[in-house]
Amino acid sequence: MTVTNTEIEVRYAETDQMGVVHHATYLVWFEVGRTQFIKDLGFSYAQMEEDGVLAPVTDISISYKKPFRYGETARIKTWLEEYSGVRAIYGYAIYNESDELCITGYSTHVLVDKDSFKPLIMKKVLPEWHKAYTKAVKGKSKG
């Protein structure tokens, strides 16, 4: 299983009136981790989109265990939980500087054609990605 670690320093603009990171910010951090995961596999999310393929979110879940505050550093662990050839589920765990688990979550994505939004099979449109995802997945691959 491939796991990517990405660090983010909490910015003041990400905090709310209570002085903690706003709950929606963690979804942005998931995206940062996912983009780095793809980069670590040797690919470019931007290039995929230029090639006419998108990967919209179809489902997302998040569990808040402990808040982050301005100035702290968050470490995002990202991995591929499941991969079916069309659908990918990414897992996330965000830790604080004391290595305490603060946030967990999953996001589900499907590949679609940029113009028609019709589902695509990764093996056909991105064969190198398919090979890498099959190798990197934590769960059972069906591709």
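The structure reproduced in this document is the subject of the present report.

Rules and cut-offs
Residues numbered from 1 in each chain as written. Predicted model: local features only at pLDDT ≥ 70, side-chain atom pairs only at ≥ 80, totals over all residues. Heavy atoms only, no water. Core = buried A, V, L, I, M, F, W, Y, C linked by side-chain atoms within 4.5 Å. Buried < 20%, exposed > 50% of the residue type's maximum accessible area, 1.4 Å probe, protein only. Helix = DSSP H or I, 4+ residues; strand = E, 2+ residues; numbered from the N terminus. Pairing = 2+ DSSP bridges. Salt bridge = Lys/Arg side-chain N within 4 Å of Asp/Glu carboxyl O. Axes fitted to C-alpha atoms, helices over the stretch in contact; angles between N-to-C directions. Contact = heavy atoms within 4.5 Å.

Topic: the nonpolar core
Right, on to step 1. Judged by nonpolar contacts, the single largest core of 33 residues is most densely connected at Trp-29, Phe-68, Ile-94 and Tyr-133.
Right, on to step 2. Those elements that place two or more of their residues in this core are helix 1 (25–40), helix 2 (45–50), strand 4 (73–83), strand 5 (87–95), strand 6 (101–110) and helix 4 (127–136).
Right, on to step 3. Here this core gets 5 residues from one element, more than from any other, and that element is helix 1.

Some thoughts on the pairing of strand 4
Right, on to step 1. Where strand 1 (residues 3–9) meets strand 4, 7 bridges bridge the pair, whose relative direction is antiparallel. Bridge pairing in strand 4 places Thr-6 opposite Ile-76.
Right, on to step 2. Alignment of strand 4 against strand 5, held across 8 bridges, turns out to be antiparallel. From the neighbouring strand, Trp-79 faces strand 5, where its bridge partner is Gly-91.
Right, on to step 3. The antiparallel hairpin formed by strand 4 and strand 5 contains 3 residues in its connecting segment, where Gly-85 sits at a positive phi of about 100°.

Here we look at the pattern of salt bridges
Right, on to step 1. Summed over all chains, the structure comprises 5 salt bridges.
Right, on to step 2. Between Arg-11 and Glu-14 there is a salt bridge, with its nearest N and O atoms 2.4 Å apart.
Right, on to step 3. Residue classification places Arg-11 among the partly exposed positions, given a relative accessible area of 44%.
Right, on to step 4. Notably, a salt bridge pairs Arg-87 with Glu-82, separated by 3.9 Å at the nearest N-O pair.

Topic: the sheet that holds strand 1
Right, on to step 1. Read from one edge of the open sheet, 5 strands run 1-4-5-6-3, paired in antiparallel fashion. If you trace the sheet from one side to the other, it starts and ends with strand 1 and strand 3 (57–64), each paired once. Strand after strand, the sheet turns through a mean of 20° between neighbouring axes, direction not considered.
Right, on to step 2. Here helix 4 sits on the sheet and contacts strand 4 and strand 5; the angle it forms with strand 4, its principal contact strand, is near 105°.

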